[in-house]
Amino acid sequence: MKHTLLSLVITLLPIPAIASPYIINVKETKGDATTAIQRAIDRAAKMKGNPVEIRLAPGAEYNISRAKSTPCVYRISNTTSVTDSPDPTKHIGMYIKDVDNLTINGNGATLVTHGEMTTWVIDNCNNITLRDFTLKAADPSVPEMTVTSVSDSSFTAIAHPQSCYDIRDGRLWWTGEGWEFTNGVAQIYHPDRHVTYRCDSPIYDARLVSENNDGLLTFNLPYKPQVRVGDIYQMRHSFRTEVCGFINRSNNVILDNLTLHFLGNFGIVSQFSTDLTYSSVRCTPEPDSGRTCAGFADFIQISGCKGKVSITDCYFNGSQDDPINIHGTQLRIVERKGKDRVKVRFSHDQTFGFPAFYPGDFVALNSTQSLLTLERNMVTEAVMDGEYHMWLTLSSPLIMEDIRDIAVENITWNPDVEISRCRFECSPVRGILVTTPGKVVIRDNEFFRIAMNSVFIDDDANIWYESGAVRDVTITGNRFIECATPVINISPEIRRYDGPVHSGITISGNTFEGCNGTLLRAVATDRLTFTGNTAPSISVELIDCTNPVVR
């Protein structure tokens, strides 16, 4: 028998060494640390992309202030109108611009903001990680007060210790470091059920507000107050002049193990950025603080991004608006020059002033009435014309002749999305809003007593102008507990039905507990599957849907 000797040759190739990061330590200071932290960031920017880690002192507390912040002009999606806020200057505590390969490691430290400000901006950066710190406000711009007694025409309340105020001519003014307001927006928190609802402002309705020697505030009203002893008012003005954090034109940004006790005056907004990771981010009031609100509006807003958006193992509790909102933006065509050039307009007054298209971007031209795509094209030139308009030159002549009621959507900047193992509670509105044609997976989350839809799939070219149509959505393994109905709402805001807008949505293997009413409402959707879900009773409402599977 002939034997063959097999010889195995292993070639060892050199493994590229990963450079150890350059370490910059920021010592704890009892005073204002804004300048010290910014000095460390500026040093990192000079490292020309070599890895840098900025380390805060373990468990330390750092005060950052509007007074020492970096002022810079930014127009940010879904924030404020030029009427409400003519000056778009943001007051930035940590300004990270044109920096690559930077980690800010909090080591369990706490950042305390003073005044209305933007805690961080990450602009035109690559590979940025914010890790392991807590954020709270010395003067949160959502004051709170607890009802202590109620009569037929008045109620008394005690303000939270962090909520300062003045009474001027019988009217209450909330005050902070450099800010104040009266009237405003109100919500009410019911501690016995751990739920929050929108409500009328008692400041606006009060005929007279007075204070006694014990610090109790009395609100005299022209009607019987619809509140109970123990209810907590959360109050704010409506101007999103700052954001908690802003991620702009950046790639591979990671927020890891952050605890955000207050996000003001908006949440974390990501705009035209790629590959975003939110891991173990907890947006919730500080335990044992007596506060019930953690955010001035949304917690996470994703506007016109692409790549992969991953939101995992997060906790969202106590928002003033939607915990997560992921969308694009539609701009209406207002003028045409020749066959291939159009002028488009930002049409919602809170979103404008930044480039929404770039050369090489693919676009869909959609009917504002039916939301259906009428044709596609590519941008070869994009030029801002003031803060509300852009001129787009397209690679091919337009097929359509009539440009009335046409909106342009940037379909290059649409992310894939994963939202998994998160908990949503104490939201006065929705839980998740998502409108992107990328692959979307919403898996293994818990939604507790959400006041409106737990999951809302929209599409709109007439009100908020938030796009676009979804093509591949999986909602599975989630637990919906005593949530408002319809729990899942697929509702493109069409004005005329010409065919399905959304498609490819699978809702399976979810549990609905104590959700009394319609579990799913779907409009103008193709290839919708609702199977294998557990609930005491299955109630589904389908309107103009094609090829549904419900069982």
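All figures in this text were calculated on a predicted structure; none of them were measured in a lab.

**Points about the overall build of the protein chain**
In step 1: Within the protein chain one finds 2 helices and 47 strands.
In step 2: Overall, the protein chain is about 100 × 70 × 60 Å in size when its C-alpha atoms are taken along their principal axes.
In step 3: Going through the 551 residues of the protein chain one by one, you find that 56% of them count as buried.
In step 4: Surface summary for the protein chain: the accessible area is close to 22300 Å², and the carbon and sulfur share equals 49%.

**Looking at the packing of aromatic side chains**
In step 1: Scanning the model with the defined rule gives 17 aromatic pairs in all.
In step 2: Ring geometry for F272 versus W413: centroids 5.3 Å apart, planes at 65°, classification edge-to-face. With F272 in the loop between β21 (268–271) and β22 (274–283) and W413 in the loop between β31 (406–410) and β32 (416–420), this residue pair connects regions lying 141 residues apart in the sequence. Per residue, the accessibility class of F272 equals that of W413, and both read buried.
In step 3: Taken together, F299, F316, F424, F447, F480, F512 and F530 form an aromatic cluster joined through their ring pairs.
In step 4: Across from the ring centre of F296, 5.1 Å away, lies the NZ or CZ of R236, which sits over that ring.
In step 5: The ring of W413 carries R249 above its face, with NZ or CZ at 5.2 Å from the centroid.

**So, the sheet that holds strand β12 (residues 171–175)**
In step 1: Pairing within the open sheet is antiparallel, and its 3 strands lie in the order β11-β12-β13. Only two strands of the sheet have a single neighbouring strand rather than two, namely β11 (164–168) and β13 (180–181).
In step 2: Pairing of β11 with β12 involves 5 bridges; the strand directions are antiparallel. Its bridge partner being in β12, C164 is matched across the sheet by T175.

**Description of the nonpolar core**
In step 1: Judged by nonpolar contacts, the single largest core of 82 residues is most densely connected at Y62, I96, W120, Y278, I311, F316 and I488.
In step 2: For W120, the residues in contact, after removing those within four places along its chain, are I92, M94, L130, F133, C244, G245, F246, I247, L255, L258 and I268.
In step 3: Core analysis: the next-biggest nonpolar cluster, separate from the first, contains 22 residues, L331, F357, V363 and I406 among them.

**Considerations on the sheet that holds strand β9 (residues 144–150)**
In step 1: Strands sit in the order β15-β14-β18-β9-β10-β17-β16 across an open sheet of 7 strands; the sheet is antiparallel. Bordering the open sheet on either side are β15 (195–199) and β16 (208–211), each of which pairs with just one other strand. Along the sheet, successive strands turn relative to each other by an average axial angle of 30°, direction set aside.
In step 2: Pairing of strand β14 (residues 185–190) with strand β18 (residues 232–236), which is carried by 5 bridges, proceeds in the antiparallel orientation. Considered in β18, the bridge of V185 is made with R236.

**Details of the environment of G517**
In step 1: Following the sequence through the fold, G517 ends up in the loop between β43 (511–513) and β44 (520–523).
In step 2: For the pair G517 and D361, spaced 156 residues apart in sequence, the C-alpha to C-alpha distance is 43 Å.

**Focus on a nonpolar patch on the surface**
In step 1: A surface patch of nonpolar side chains, amounting to about 210 Å² of accessible area, comprises I538, L542 and V550.
In step 2: Position of V550 relative to the elements: it lies in strand β47 (residues 549–550).

**Considerations on the state of the cysteines**
In step 1: The full count for this structure, using the stated rule, is 0 disulfides.
In step 2: Here C199 stays unpaired: no disulfide links it, and the sulfur of C293, its closest cysteine neighbor, is 12 Å away.

**What about unusual backbone geometry?**
In step 1: Cis geometry is adopted by the peptide bond preceding G468, which originates at S467 and carries an omega value of 5°.
In step 2: Structurally, G468 is set in the loop between β38 (466–467) and β39 (472–476).
In step 3: Following T485, the chain continues into P486 via a peptide bond in cis, with omega recorded as -5°.
In step 4: Checked against the element boundaries, P486 lands in the loop between β40 (479–481) and β41 (488–490).

**Quick notes on the pattern of salt bridges**
In step 1: Per the stated rule, a full pass over the model turns up 31 salt bridges.
In step 2: The closest approach of N and O atoms between E425 and R423, which form a salt bridge, is 2.4 Å.
In step 3: Residue K439 pairs with D472 through a salt bridge whose shortest N-O separation is 3.8 Å. Of the two residues, K439 is situated in strand β35 (residues 439–443) and D472 in strand β39; the sequence distance between them amounts to 33 residues.
In step 4: With a relative accessible area of 44%, K439 lands in the partly exposed category.
In step 5: The exposure class assigned to D472 is partly exposed, which follows from its relative accessible area of 30%.
In step 6: One salt-bridge network, in which partners are shared between bridges, spans R423, E425, E446, R479 and E513.

**Side note on helix α1 (residues 34–45)**
In step 1: The end-to-end C-alpha distance of α1, which contains 12 residues, comes to 17 Å, matching closely the 16 Å that a straight helix rising 1.5 Å per residue would cover.
In step 2: Along α1, the positions that sit buried rather than exposed are T34, I37, Q38, A40, I41 and A44. Buried residues of α1, seen end-on, are gathered within an arc of 155° and therefore sit on one face of the element.
In step 3: Where α1 is buried, its residues contact β1 (22–26), β2 (52–56), β3 (61–65), β4 (70–73), β5 (89–97) and β6 (100–114).

**Some details on the environment of S141**
In step 1: In this structure, S141 sits in the loop between β8 (126–137) and β9.
In step 2: Separated by 275 residues in the primary sequence, S141 and D416 have C-alpha atoms spaced 34 Å apart.
In step 3: In contact with S141, not counting residues within four places along its chain, are E116, W179, F181, M235, R236, F262, N265 and F296.

**Overview of the side chain of E116**
In step 1: Of note, E116 is situated in the loop between β6 and β7 (118–123).
In step 2: In this structure, E116 is buried with no salt-bridge partner, the nearest side chain bearing the opposite charge being R66 at 5.1 Å.
In step 3: At 2.7 Å, the side chain of E116 and the side chain of H237 are in polar contact.
In step 4: Setting aside residues no more than four positions away along its own chain, E116 makes contact with R66, S141, E177, W179, H237, T241, E242 and N265.

**Focus on the environment of R171**
In step 1: As for its placement among the helices and strands, R171 is situated in strand β12.
In step 2: The exposure class assigned to R171 is partly exposed, which follows from its relative accessible area of 27%.
In step 3: With 150 residues separating them along the chain, R171 and D321 place their C-alpha atoms 27 Å apart.
In step 4: In contact with R171, other than residues within four places in its own chain, are D166, T182, N183, I203, Y204 and A206.

Rules used throughout
- Residues numbered from 1 in each chain as written.
- Predicted model: local features only at pLDDT ≥ 70, side-chain atom pairs only at ≥ 80, totals over all residues.
- Heavy atoms only, no water.
- Helix = DSSP H or I, 4+ residues; strand = E, 2+ residues; numbered from the N terminus.
- Buried < 20%, exposed > 50% of the residue type's maximum accessible area, 1.4 Å probe, protein only.
- Areas by Shrake-Rupley, 256 points an atom, 1.4 Å probe, with all protein chains shown as cover.
- Phe/Tyr/Trp six-rings, centres within 6.5 Å; stacked < 30°, edge-to-face > 60°.
- Lys NZ or Arg CZ within 6 Å of the ring centre and 35° of its normal.
- Pairing = 2+ DSSP bridges.
- Core = buried A, V, L, I, M, F, W, Y, C linked by side-chain atoms within 4.5 Å.
- Contact = heavy atoms within 4.5 Å.
- Axes fitted to C-alpha atoms, helices over the stretch in contact; angles between N-to-C directions.
- Patch = residues over 30% accessible without salt bridge, like charges linked within 9 Å, V, L, I, M, F, W, Y side chains within 5 Å.
- Salt bridge = Lys/Arg side-chain N within 4 Å of Asp/Glu carboxyl O.
- Disulfide = S-S within 2.5 Å.
- Expected span 1.5 Å × (residues − 1).
- Arc of directions from axis to C-beta.
- Lys, Arg positive; Asp, Glu negative; His and termini not counted.
- Polar contact = N/O pair within 3.5 Å; in protein donor to acceptor, adjacent residues only side chain to side chain.

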